[in-house]
Amino acid sequence: MLEKRYDPHKVEEGKYETWKSKGYFTAGDKSKQAFSMVIPPPNVTGKLHIGHTCQTTIQDIVARYKKMQGYDVLWLPGMDHAGIATQAKVMEKLRNNGVDVTKITREEFLKAAWGWKDEYANNIHSQWAKMGLSLDYTRERFTLDDGLNYAVRTVFVSLYNKGLIYQGERIINWDPVQMTALSNIEVIHQNDPGQMFYFKYNVVGEKDYLIVATTRPETMFGDVCVVVNPKDKRYKKYVGKKVINPANGEQIPVIADEYVDISFGTGAMKCTPAHDPNDFIIGEKYHFEKPIIFNKDATMNEKCGKYQGLDRFECRKVLVENIKKDGNFIKIENIVHPVGHSERSHAVVEPMLSKQWFVKMRPLADQALANQKTNGKVDFVPKRFEKTFIQWMENAEDWCISRQLWWGHRIPAYYNKHTGEVVVSMDPPKDMENYEQESDVLDTWFSSALWPFSTLGWPNKTEDFERYFPTDTMVTAYDIIFFWVSRMIFQSLEMNHVRPFKEVVIHGLVRDELGRKMSKSLGNGVDPIEVIDKYGADALRYFLTTNAAPGQDMRYIEEKVIASSNYLNKIWNSARYVLSVLPEKFEPKEVNVKELSPLDQWIINRLEKTIKAVTLNMEKYDFNAASSHLYNFVYDDFCSEYLEMSKVSLSSDDEKVKNVTYQTLFKCLKDIILLIYPYTPFIAEELYLNLPVHLESIMLETYPKYDAHLVHSIVDKQVEVLFSIIRDVRNYKIENKLAPNASLDLSLNLRIKMFDGYQTYLERFTFSKVKEVDDSIVNMRGELKIYDNADLLIVNEAGKEDILKRIDKEISEEENEILRCQKMLSNPNFIAKAPKEKVKLEEEKLKTHQENLALLKEKKEKLS
RNA sequence: GGACACUUAGUUCAGCGGGAGAACGCUUCCUUCACACGGAAGAGGUCACAGGUUCGAUCCCUGUAGUGUCCACCA
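Residues numbered from 1 in each chain as written. Chains lettered and ligands numbered in written order. Predicted model: local features only at pLDDT ≥ 70, side-chain atom pairs only at ≥ 80, totals over all residues. Heavy atoms only, no water.

## Examining helix α18 (residues 598-619)
Taking 1.5 Å of rise per residue, 22 residues should cover 32 Å, and α18 covers 32 Å from first to last C-alpha, within 8% of that figure. Phi for tyrosine 621, located one or two positions after α18, is positive at around 60 degrees. (Helix = DSSP H or I, 4+ residues; strand = E, 2+ residues; numbered from the N terminus. Expected span 1.5 Å × (residues − 1).)

## Things to note about the packing of aromatic side chains
Here the structure, examined in full by the defined rule, presents 42 aromatic pairs. Sitting over the face of the ring of phenylalanine 329, lysine 324 holds its NZ or CZ atom 4.9 Å from the ring centroid. (Phe/Tyr/Trp six-rings, centres within 6.5 Å; stacked < 30°, edge-to-face > 60°. Lys NZ or Arg CZ within 6 Å of the ring centre and 35° of its normal.)

## Thoughts on the protein's contact with RNA strand B
Arg5, Arg555, Glu817, Asn827 and Lys833 are the nearest of the 58 residues found near RNA strand B. Lysine 560 is positioned with one of its side-chain polar atoms (N or O) 2.9 Å from a sugar or linking oxygen of RNA strand B. Interatomic distance of 2.9 Å between a side-chain N/O atom of lysine 570 and a phosphate oxygen of RNA strand B. Counting residues per element, the surface near RNA strand B draws most heavily on helix α17 (residues 558-581), which supplies nine residues. Broken down by class, the residue content of the surface near RNA strand B amounts to 20 nonpolar, 18 polar and 20 charged. (Near = heavy atom within 4 Å. Polar contact = N/O pair within 3.5 Å; in protein donor to acceptor, adjacent residues only side chain to side chain. Nonpolar A, V, L, I, M, F, W, Y, C, P; charged D, E, K, R; others polar.)

## A closer look at the confidence of the model for chain A
Put simply, chain A has an average pLDDT of 90, and 100% of its residues get 70 or more. Both scores are available for the predicted complex, with the pTM at 0.90 and the ipTM at 0.94. (pLDDT = per-residue confidence, 0-100.)

## Remarks on the side chain of aspartate 279
By secondary structure assignment, the location of aspartate 279 is in helix α7 (residues 277-285). Notably, aspartate 279 is buried but unbridged: the nearest opposite-charge side chain belongs to lysine 270, and the N-O separation is 5.7 Å. (Buried < 20%, exposed > 50% of the residue type's maximum accessible area, 1.4 Å probe, protein only. Lys, Arg positive; Asp, Glu negative; His and termini not counted. Salt bridge = Lys/Arg side-chain N within 4 Å of Asp/Glu carboxyl O.)

## Brief notes about the state of the cysteines
By definition, a disulfide is the covalent link that joins the sulfur atoms of two cysteine residues. Evaluated as defined, the whole model comprises zero disulfides. Summary of cysteine pairing: cysteine 639 is not part of a disulfide, and the nearest cysteine sulfur, belonging to cysteine 668, is at 10 Å. With a relative accessible area of 9%, cysteine 639 lands in the buried category. (Disulfide = S-S within 2.5 Å.)

## Details of the pairing of strand β1 (residues 34-38)
Here β1 lies mainly inside the structure; five of its five residues are buried. In β1, alternate side chains face the same way, and those of Ala34, Ser36 and Val38 on one face and Phe35 and Met37 on the other are all buried. Both β1 and strand β2 (residues 72-76) contribute to a ladder of five bridges, which runs parallel. Note on β2: the bridge partner recorded for valine 38 is leucine 76. Since β1 and β2 lie parallel, the crossover through helix α3 (residues 50-68) that links them has a hand, and here it is right-handed. (Pairing = 2+ DSSP bridges. Right-handed = clockwise from strand over helix to strand, strands pointing away.)

## A few points about the nonpolar core
Counting residues in hydrophobic clusters, the biggest one holds 139 residues, and the most contacted among them are Trp128, Tyr556, Leu599, Met618, Phe638 and Leu722. At 12 residues, helix α19 (residues 623-650) tops the list of elements feeding residues into this core. Setting aside residues up to four positions removed in sequence, methionine 618 forms contacts with Ile61, Tyr65, Phe623, Ala626, Pro678, Tyr679 and Tyr703. Grouped together as the second largest cluster of nonpolar side chains are 58 residues, Val38, Phe380, Trp484 and Val504 included. (Core = buried A, V, L, I, M, F, W, Y, C linked by side-chain atoms within 4.5 Å. Contact = heavy atoms within 4.5 Å.)

## Things to note about the sheet that holds strand β7 (residues 187-202)
The strand order across the open sheet formed by three strands is β8-β7-β13, and the pairing between neighbours is antiparallel. On the outer flanks of this sheet lie β8 (209-214) and β13 (329-342), each paired with one strand and no other. Pairs of neighbouring strands in the sheet enclose a mean axial angle of 20 degrees, with direction left out of account. Two strands pair when backbone bridges link them, and β7 and β13 are joined in this way by 13 bridges, in the antiparallel orientation. Looking at β13, one finds that phenylalanine 199 is bridged to phenylalanine 329. Contacts from helix α8 (residues 312-326) reach β7 and β13 within the one sheet, and its direction differs from that of β7 by about 20 degrees. (Axes fitted to C-alpha atoms, helices over the stretch in contact; angles between N-to-C directions.)

## A word on the side chain of glutamate 350
With respect to the helices and strands, the residue glutamate 350 is situated in strand β14 (residues 350-359). Filtering out sequence-adjacent residues up to four positions away, glutamate 350 remains in contact with Ile172, Asn173, Trp174, Arg216, Phe294 and Arg312.

## Considerations on the pattern of salt bridges
Evaluated as defined, the whole model comprises 52 salt bridges. Its salt-bridge partner being aspartate 100, residue lysine 103 comes within 3.5 Å of it at the nearest N-O pair. Aspartate 100 sits in the partly exposed class, given a relative accessible area of 38%. Residue glutamate 218 is joined to arginine 316 by a salt bridge in which the shortest nitrogen-to-oxygen separation is 2.8 Å.

## Some details on the sheet that holds strand β20 (residues 435-437)
Strands in a sheet are paired, the pairing made by backbone hydrogen bonds, and the direction either parallel or antiparallel. The sheet built from three strands is open, its strands ordered β19-β18-β20 with antiparallel pairing. Every interior strand has two partners, whereas the edge strands, β19 (422-424) and β20, have only one. Shown here is a sheet whose adjacent strand axes are inclined to one another by a mean of 30 degrees, direction ignored. Bridge analysis of strand β18 (residues 413-416) against β20 gives three bridges, and the strand direction is antiparallel.

## Some remarks on unusual backbone geometry
A cis amide bond links valine 381 to the next residue, proline 382, at an omega of -5 degrees. Positionally, proline 382 belongs in the loop between β15 (379-381) and α10 (385-394). Between tryptophan 458 and the following residue, proline 459, the backbone shows a cis peptide bond with an omega angle of 10 degrees. You can see proline 459 is positioned in the loop between α12 (451-454) and α13 (463-468). Not every positive phi belongs to a glycine, and lysine 737 is a case in point at roughly 55 degrees. With respect to the helices and strands, the residue lysine 737 is situated in the loop between α22 (716-735) and β26 (745-750). A positive phi angle, close to 55 degrees, is found at phenylalanine 767, a residue other than glycine. Of note, phenylalanine 767 is situated in the loop between α23 (758-766) and β27 (769-772). Its relative accessible area of 45% is what places phenylalanine 767 among the partly exposed residues.

Structure (structure tokens):
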């Protein structure tokens, strides 16, 4: 017997361990069709946040749903080493432990990092368990494990040999705190307050000068020229002359190039080829030197004379003061301008010329774009996110993949110590003593991009790879389409000539109650484990997956988690009722529609309709819509109507009536449990195991399937009239301040054949006596209610005036409806152009309303 | 500058070419034998604004305003 109150903690305890130990999460049943997903591997940097919970719950819903539909489901778990992020955290930990991290060796650091990884992997495992994720742990992977390293090297060598990976001198984003290069998308541009400095550049040998504006005076040590627009009349006379750089007194030429915007600043731009991407292009075009003026920690280097060793911002201050002293200072403007910051260290990123490894994007991106026009394309759900992907692919620039870190896949390139020749190969050269391996590692996303196939054993043609690749579905958030989704797609197309997944389901972000992004600095993050401890995993899972339209952001609102929990309690208690009334030796049978009473048939109709709608929306990954169909069925149809009615059926002396009711109650309850199960597996399992007949676990069950043969909607009208009458009698009592159980005399004029015994239900729920009468109902004293197929008269002694007032109200309502119908039907364009069914429907409505009006008028006449 | 969303009840959000929906909150009543984490009844909305398409627009199109996100970025 179930307890009166649903207690999520009791319900959730132990279930996960049982599922896991029974091997229910393990894929491999070859008698079934395969369905596969890989988890987006969380970073081993810390605890999982509520966004992870949302994402993995969506996947768990898909996995459990597909498994119930008879697929051999593989949901492969794993984690990401998260290069920069993890290295930063491990370094910080070491520093806090008093370790001098400047003296630590690569090997010592890696040892500490692996220790960190083990610790955090444990945390993540326990979080996954609490959430109830049906992950196949026998196949778990890590982006830095040996197998994946083999895959990474394979791809690197292959791309290198095809000329798609190259080493080059480019302006990259340098993070001077982490002391590593960053790819463009690891840089966050934010509008910071800054200053625009205006300086005099004196023309050599003349008394004239140019004014040049800059936001970064410290880069003046790397300037090679001043550029003006050739069409700029103000500066034409200076082109070809030399000016004096006020920072170091060097003479630099004035050149003309279209790039310069005449209207911006002073129209004269200083050019620093080694520290600005656009200046770099100009430097290349006109064959200038590209002097680098920063050290790796963004202090000034030996090219900066007396400023050598100063921090870049300190240098800026001192330099400006000195230029003032020299009389070359014009003015300072306070401005707000976009400044790039490192995603991880938040340091101001310094554009810096540097030798790095790049992936040549154009051919790969074009391939991905071309593939989207074929049948083998990746389907985005919702569809609009395909545009984000396409936009990214169309604008992709070469991807800087080398990182000056230790925590990551070391680039398989070897430099000959004597000749400097570069060898790229899977394994070190045989005469390794003559070589030195590249010390850089690869961008984390390089290994993440291979995740859907590297985890399955690729490049080996393993059984898993053959069976589960390409995967079926990828679930991820829209903010990661650039970083990850696009890279998985082009890497898989390049290496496997096939998409990595058939569909990618994009979900929104979980925001805080005020709609703000959750972040550490705001301290507005929600710890899923705390929520689970309070309300249970099921309530959290249900809340997170059913409260937003697909791809739309949602807010975390605690009240809504409570509402979810209340819903589960409702299901719990309806189950408690059903289980308490079922006879001890209950045996479920297939529904035989011939035996069903109209009430049973009605609820079966509703149930089948619900199964159909839920399944349709599950297929579309629209969990909001799917769950709402089920919710309405549970509350309105099952609990409010059928369950109450069943109390009357079960008080019958007729064993047949009772048996059919048992069967119907059981079927409804079981299907509700099965339909809610993917969302809330714990409570579903608990209720399932309490059913009088069940398998070892709900995980072995089959998803309910819509069965058209069970639907006979012919009874719906009878049942709906019955419900309407009950509702109206109750309302009548409230309006007239009568007790809910007051007995009234009801007269009924039926225009359809009602089912046998309907009166019993009517009397039980209205506490009243029911008499069938004929058309003479209009002659009788009392309140008249009109339905499509019946008229109800509540016999009463109320004053004539009251009754007339009510009748007048109803008359005017009917008249309004008639007017609306007539207006539509009198429009010749409506008749001519609207679909015929619509016209017919309106005509029928009009007829009904006119009949009702006639009855009301007749009644009114009789009364007065 | 470019792209993509969003604007519907007090709040948070669904939805839809043909009479506006849910949850929470609010008001009134009810501890009746599944559930007070409940039940019954109810109040509450010119569906941002302006045009257009259409027989008909909250829904489709265009524009405007506001909000949010992403990409790019000017020395």
